[in-house]
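The chain contents come next:
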Amino acid sequence: QVQLVESGGGLVQPGGSLRLSCAASGSIFSINVMGWYRQAPGKQRELVARITSGGSTNYADSVKGRFTISRDNAKNTMYLQMNSLKPEDTAVYYCNAAISQYYNSGASWYWGQGTQVTVSS
């Protein structure tokens, strides 16, 4: 079994910062791509940022220059540092990862349960 658990969400004022964490646990051999997605009420889930096991990153245009994705491979943990937050960043943020449970097995995609981020004065 593999679990992804997000933490760090909450209520913050516009212009503020939050740091999200996503910890993977269970039977894990390797983790390839990890990513953060978000879903606002009435909208489709969208990619926020993604990072490979080698550290290559890409971001949605709406968060470039404000958000930074990183990971600690030794801890199987990914982070999202969110600065200069705007009301339009309000959403449930989900962690996503491609995980191989055993040597020479294919990777499967896993999702966390989500953490709420609300940007409001």
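Predicted model, so just to flag it, every value in this text is computed and none were measured. (Residues numbered from 1 in each chain as written. Predicted model: local features only at pLDDT ≥ 70, side-chain atom pairs only at ≥ 80, totals over all residues. Heavy atoms only, no water.)

## Some thoughts on the sheet that holds strand S1 (residues 2-7)
Judged by pairing direction, the sheet is antiparallel, and its four strands sit side by side in the order S1-S3-S8-S7 without closing on themselves. Edge positions in the sheet fall to S1 and strand S7 (67-72), since each of these pairs with one other strand and no more. Pairwise comparison of adjacent strand axes, ignoring direction, gives a mean angle of 15 degrees for this sheet. Summarising the sheet, S1 and strand S3 (residues 18-26) pair through six bridges and their orientation is antiparallel. Note that in S3 the partner of Glu 6 across the bridge is Cys 22. (Pairing = 2+ DSSP bridges. Helix = DSSP H or I, 4+ residues; strand = E, 2+ residues; numbered from the N terminus. Axes fitted to C-alpha atoms, helices over the stretch in contact; angles between N-to-C directions.)

## Focus on the pairing of strand S4 (residues 30-39)
With seven of its ten residues buried, S4 lies for the most part within the structure. Where S4 meets strand S9 (residues 91-100), eight bridges bridge the pair, whose relative direction is antiparallel. Bridge pairing in S9 links Ser 30 to Ser 100. Where S4 and strand S5 (residues 46-51) come together, five bridges link them in antiparallel fashion. Directly across from Tyr 37, in S5, lies its bridge partner Leu 47. Hairpin remark: S4 followed by S5, antiparallel, with six residues in the connecting loop; positive phi at Gly 42, about 75 degrees. (Buried < 20%, exposed > 50% of the residue type's maximum accessible area, 1.4 Å probe, protein only.)

## Regarding the state of the cysteines
Note on terminology: a disulfide is the covalent bond linking the sulfur atoms of two cysteines. One pass over the full model with this rule turns up one disulfide. Each sulfur of the disulfide joining Cys 22 and Cys 95 lies 1.8 Å from the other. An S-S torsion of about -60 degrees defines the bridge between Cys 22 and Cys 95 as left-handed. Separated by 73 residues along the polypeptide, Cys 22 in strand S3 and Cys 95 in strand S9 bring together distant segments of the chain. Overall, Cys 22 belongs to the buried group, its relative accessible area being 0%. (Disulfide = S-S within 2.5 Å.)

## Comments concerning the pattern of salt bridges
For the structure on display, the rule yields four salt bridges. Linked by salt bridges that have partners in common, Arg 38, Glu 46, Arg 66 and Asp 89 make up one network. (Salt bridge = Lys/Arg side-chain N within 4 Å of Asp/Glu carboxyl O.)

## Description of the environment of Ser 27
Summarising the element assignment, Ser 27 is placed in the loop between S3 and S4. Residue Ser 27 is classed as partly exposed on the basis of its relative accessible area, which comes to 26%. With 54 residues separating them along the chain, Ser 27 and Gln 81 place their C-alpha atoms 27 Å apart. The residues contacting Ser 27, other than those within four sequence positions of it, are Gln 1, Val 2, Gln 101 and Tyr 102. (Contact = heavy atoms within 4.5 Å.)

## Topic: the nonpolar core
Membership of the largest hydrophobic core comes to 30 residues, with the highest contact counts inside it found for Trp 36, Leu 80, Met 82 and Tyr 93. Only S1, S3, S4, S5, S7, strand S8 (77-82), S9 and strand S11 (115-119) provide two or more residues apiece to this core. Tallying contributions element by element places S9 first for this core, with five residues. Setting aside residues up to four positions removed in sequence, Met 82 forms contacts with Gly 16, Ser 17, Leu 18, Leu 20, Arg 66, Phe 67, Tyr 93 and Val 117. (Core = buried A, V, L, I, M, F, W, Y, C linked by side-chain atoms within 4.5 Å.)

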